[in-house]
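Each chain is listed here by its residues.
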Amino acid sequence: MPRESKKSKVARVTEFCHRMDALYGSEPSALDWRTPFQLVIAVLLSAQTTDAAVNAVTPKLFGRWPDAASMAQADVGEVAETIRRLGFFRTKSQHCVACAQMIMSEHGGEVPRTMEDLVRLPGVGRKTANIVLNKAFGIVEGIAVDTHVFRIAQRMGLTTASTPLAAEQDLLAVIPQELWGGVNSEWIRFGRATCTARLAKCEECPCEDLCPRRPVRHGAGQAKKRRRS
Ligand code: SF4
């Protein structure tokens, strides 16, 4: 199969982004938050768990520790108890308190607005920082690549990278900057509804004409494996 030109790839992914935007662009954030600090904490808690599970614990968490000032003083064990139903709750509770303490000691109680400062916060990686910059401050510096975005990028033939971090650079190279802001939330919804992890629902995909359909072979393989077992 001939190698696709960058021009063709850009045109293909641009159209894909426009269709994602038409499908999911008007949907509100799946995580509940009221301030940039609460968004940092909610995204931090959402690693390896669902947004619904996070939304179930944050009313109590933010009711007791609504801002960096109060969270910085919190007992880690009490925070852990409050978020106990989430995976990795012990590590996440340590990150919540340490993150609040750094925001208080180094940023005057305000969540920083730069990628450089955000990724220095405990528990905050580039993906979380991208989401916070975009949703809390309207700043778009990159694309938050989670497991759904990574999978779709691979299936769409947009990256051969082995990690989400490396895949972000491939996406930034072909997606026009004005479209970066919508990618994370819109592709995640698409990944949950249609381009699902185990078996992509290509037959109902609105972007089938834009996709090299690599995952169909992957999906068929999975189906065969299941039939054999
Ligand atoms: S055609 Fe299939 S693999 Fe490609 S984007 Fe659509 S659902 Fe995903």
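Residues numbered from 1 in each chain as written. Predicted model: local features only at pLDDT ≥ 70, side-chain atom pairs only at ≥ 80, totals over all residues.

A. Inspection of the overall build of the protein at higher detail. When helices and strands are tallied, the protein shows twelve helices and zero strands. The order of α-helices and β-strands along the protein, N terminus first, is α-α-α-α-α-α-α-α-α-α-α-α. The C-alpha atoms of the protein give a radius of gyration of 19 Å, which matches the 17 Å a tight globule of 229 residues would have. Expressed along its principal axes, the backbone C-alpha trace of the protein runs to roughly 60 × 45 × 30 Å. Contacts in the protein between residues at least 24 apart in sequence constitute 61% of all its contacts with a sequence separation of at least 6. (Helix = DSSP H or I, 4+ residues; strand = E, 2+ residues; numbered from the N terminus. Rg over C-alpha atoms; globule rule 2.2 N^0.38 Å. Contact = placed C-beta atoms within 7 Å.)

B. Highlighting the domain arrangement of the protein. Looking at the assigned domains, one finds that the protein contains domain 1 (6-26 + 144-228) and domain 2 (36-137). Its C-alpha centre places domain 1 at a distance of 28 Å from the equivalent point of domain 2. Contacts between the two partners involve seven residues from domain 1, matched on the other side by five residues from domain 2. Mapped onto the side of domain 1 that touches domain 2, the elements with two or more residues apiece are helix H10 (164-174) and helix H11 (180-193). The class makeup of the residues in the side of domain 1 that touches domain 2 is four nonpolar, two polar and one charged. (Domains from an automatic or database assignment. Nonpolar A, V, L, I, M, F, W, Y, C, P; charged D, E, K, R; others polar.)

C. Region of interest: the nonpolar core. Ranked by internal contacts, the top residues of the largest apolar core, which has 54 residues, are Val 40 and Val 132. Of the residues forming this core, the biggest block, eight residues, is contributed by helix H2 (residues 36-45). Counting residues domain by domain, this core receives three or more from each of domain 1 (6-26 + 144-228) and domain 2 (36-137). Dropping the residues within four chain positions of it, Val 40 is found in contact with Cys 99, Val 111, Val 124 and Val 132. (Core = buried A, V, L, I, M, F, W, Y, C linked by C-beta atoms within 7 Å. Buried ≥ 20, exposed ≤ 12 C-beta atoms within 10 Å, placed from the backbone.)

D. Spatial organisation of the site of the ligand. Lining the immediate surroundings of the ligand are 13 residues, of which Cys 195, Ala 200, Cys 202, Cys 205 and Cys 211 lie closest. Among the residues forming the shell around the ligand, the class breakdown is eight nonpolar, one polar and four charged. (Near = placed C-beta within 6 Å.)

E. The packing of helix H1 (residues 6-24) against H11, seen in detail. Following both chains from N to C, one finds H1 and H11 inclined at 75°, their axes separated by 9 Å at the closest point. The pairing of H1 with H11 is recorded here as roughly perpendicular in orientation. Each of Cys 17, Met 20, Asp 21, Leu 23 and Tyr 24 in H1 lies in contact with H11, whose residues at this interface are Gly 182, Val 183, Glu 186, Trp 187, Arg 189 and Phe 190. When grouped by side-chain class, the residues that make up the contact of H1 with H11 number seven nonpolar, one polar and three charged. (Axes fitted to C-alpha atoms, helices over the stretch in contact; angles between N-to-C directions. Parallel < 35°, antiparallel > 145°, perpendicular 65-115°, else oblique.)

F. Structural detail: H2. The buried fraction of H2 is high, at nine of ten residues. When we look at burial in H2, the residues that qualify are Phe 37, Gln 38, Leu 39, Val 40, Ile 41, Ala 42, Val 43, Leu 44 and Leu 45. On its buried face, H2 sits against helix H3 (51-64), helix H4 (68-72), helix H6 (89-107) and helix H8 (126-137).

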